[in-house]
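# Chains, contacts and geometry: an overview
One-letter residues, chain by chain:
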Amino acid sequence: MRILIVEDSVLLREGLVRLLEDADHTVVAALPDASDLDATVDATAPALCILDVRLPPTFVDEGIRAALALRKRIPQLPLLVLSQYVEERYASDLIAAQTGSAQGSAGPLGYLLKDRVADVAEFIESVERIASGSTVLDPEVVAQLLTRRNQDDRMQSLTDRERSVLAMIAEGRSNQAIASTLFLSEASVEKHITAIFQKLGLEPDESGNRRVLAAIAHLESTGLPRTQNGTNR
């Protein structure tokens, strides 16, 4: 798979290149900032772009703005955003762009904390899942988004088991993976998923990517609160 990296830290950038190439992927470019991103994407035609949230020159939101611009310009391009912390505003902005695009037009999306890179096998698996069409959200991001909405009447209508299943759906897990983790039969998981969509007023869909987007679209559409400066550390 052809991958483009945008990461200002030399150590992390070179580390990502090494990890990905050791996993038999091709890094077509590794940029320190987003200034040449559009031209590089056009010249190299990557199958996936990995971007840091914070990039030069201000290290505030250049990376997320670059990701949003790419999503608008090339909707089908899979994106993986890496962040040092759970930054709810940026996760929310990405999700809003994802769910607000025309049906079926948005490519896969990933939002992971940089700590996940340390687990090489899991990180490579996440990269490959995103490239193959799944949406992968860091469990910490999912937990905070779900916690933020725990006052919503529809969320309160979910049982504890349904909340657990919903969190794993939002992480991009398959029915089989959910069943294995929660020690349930796949039939039981399917029943929980049906109940979740009914309680949230959402139509179930067998596509893993659509299920993730549906769960997160609900959280976004109900008015995800943001901190004053847009971050949560």
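What you see is a predicted model, and the numbers here were worked out from it, not measured in a lab.

Right, let's get into the overall build of the protein. For the protein, the count of helices and strands is eleven helices and six strands. The proportion of buried residues among the 233 residues of the protein is 49%. Sequence separation of 24 or more characterises 71% of the internal contacts of the protein that already satisfy a separation of 6 or more. Total accessible area on the protein is roughly 10800 Å²; 49% of this is exposed by carbon and sulfur atoms.

This brings us to the UniProt feature "modified residue: 4-aspartylphosphate" (unreviewed entry) in the protein. Annotation from UniProt places "modified residue: 4-aspartylphosphate" (unreviewed entry) at D52. Setting aside its immediate chain neighbours within four residues, D52 contacts V6, E7, D8, G63, I64, L82 and K114.

Moving on, we get to the pairing of strand 4 (residues 79-83). Burial analysis of strand 4 places five of its five residues in the buried class, the great majority of the element. Relative to strand 4, strand 3 (residues 48-52) runs parallel, the two sharing four bridges. In the strand pairing of strand 4, D52 is matched with L82. Relative to strand 5 (residues 109-113), strand 4 is paired through five bridges, and the arrangement is parallel.

Residues L4, L37, C49, L51, L79 and Y111 are the most contacted members of the largest nonpolar core, which totals 29 residues. If near-sequence neighbours (up to four positions away) are discounted, L37 is found in contact with L4, V6, L31, L51, A66 and L70. In terms of nonpolar packing, the next biggest core, distinct from the first, is built from 18 residues, I50, L82, L112 and V127 among them.

Moving on, we come to the environment of T26. Relative to the elements of secondary structure, T26 occurs in strand 2 (residues 26-31). Residue classification places T26 among the partly exposed residues on the basis of a relative accessible area of 42%. Each C-alpha atom of the pair T26 and A47 lies 9.9 Å from the other, and the pair is 21 residues apart in sequence. Beyond its immediate stretch of four places on either side in the chain, T26 contacts M1, R2 and I3.

Read from one edge to the other, the open sheet built from six strands follows the order 2-1-3-4-5-6, with strand pairing classed as parallel. One side of each edge strand has no neighbouring strand; the edge strands of this open sheet are strand 2 and strand 6 (136-137). Seen against the sheet, helix 5 (residues 120-131) touches strand 1 (2-6), strand 3, strand 4, strand 5 and strand 6 and runs at an angle of roughly 145 degrees to strand 4.

Take the packing of helix 8 (residues 160-170) against helix 10 (residues 186-200) next. The contact between helix 8 and helix 10 brings their axes to 10 Å, and the two run at 90 degrees. If you check the angle between helix 8 and helix 10, you find them roughly perpendicular. Seen from helix 8, the contacting residues are R161, E162, V165, L166 and I169; seen from helix 10, they are H192, I193, A195, I196, K199 and L200. Here the contact of helix 8 with helix 10 is composed, by residue class, of seven nonpolar, one polar and three charged.

Our next topic: the side chain of K114. With respect to the helices and strands, K114 occurs in the loop between strand 5 and helix 5. Using a relative accessible area of 16% as the deciding quantity, one classes K114 as buried. A distance of 3.4 Å separates polar atoms of two side chains, one belonging to K114 and the other to E7. Dropping the residues within four chain positions of it, K114 is found in contact with E7, L12, D52, L82, S83 and Q84.

For the rest of this paragraph, the subject is helix 5. Given a rise of 1.5 Å per residue, twelve residues ought to cover 16 Å, and the 17 Å separating the end C-alpha atoms of helix 5 matches this to within 8%. Considering only its buried residues, helix 5 is in contact with strand 1, helix 1 (10-22), strand 3, strand 4, strand 5 and strand 6. Looking at the residues trailing helix 5, positive phi occurs at G133, about 120 degrees.

Basis of the calculations
- For every chain, the first residue of its written sequence is number 1, and the numbers climb from 1 along that sequence.
- The predicted nature of this model means local features are confined to residues of pLDDT at least 70 and side-chain atom pairs, given and counted, to a pLDDT of 80 or more, with totals for whole chains, interfaces and linings taken over all residues.
- Calculated side-chain values reflect all of the structure's heavy atoms, with hydrogen atoms and water omitted.
- Here a strand is any run of E in DSSP of at least two residues, a helix any run of H or I of at least four, and the numbering for each starts at the N terminus.
- Burial classes: relative accessible area under 20% of the type maximum marks a residue as buried, over 50% as exposed, and values in between as partly exposed (1.4 Å probe, protein chains only).
- By definition, residues are in contact when any of their heavy atoms lie within 4.5 Å.
- All accessible areas in this document rest on Shrake-Rupley with a 1.4 Å probe, and a residue is counted as covered only by the protein chains that are shown.
- UniProt positions are given in the numbering used here, feature names are shortened, and annotations may be inferred rather than shown by experiment.
- Strand pairing is assigned whenever DSSP detects at least two bridges linking the two strands.
- Think of a nonpolar core as a cluster: buried Ala, Val, Leu, Ile, Met, Phe, Trp, Tyr and Cys residues, connected wherever their side-chain atoms sit within 4.5 Å.
- What counts as an axis is a line fitted to C-alpha atoms, over the stretch in contact for a helix, and the angles between N-to-C directions run from 0 to 180 degrees.
- Geometric relationships in this document are graded by angle, where less than 35 degrees denotes roughly parallel, more than 145 denotes roughly antiparallel, 65 to 115 denotes roughly perpendicular, and other angles denote oblique.
- Three residue categories are used. Nonpolar comprises Ala, Val, Leu, Ile, Met, Phe, Trp, Tyr, Cys and Pro, charged comprises Asp, Glu, Lys and Arg, and polar comprises the others, including Gly.
- For the purposes of these results, a polar contact is taken to be a pair of N or O atoms within 3.5 Å, where, inside protein, one atom must be able to donate a hydrogen and its partner to accept one; residues adjacent in sequence count only when each atom of the pair is a side-chain atom.
- By this rule, a helix spans an expected 1.5 Å times one less than how many residues it contains.

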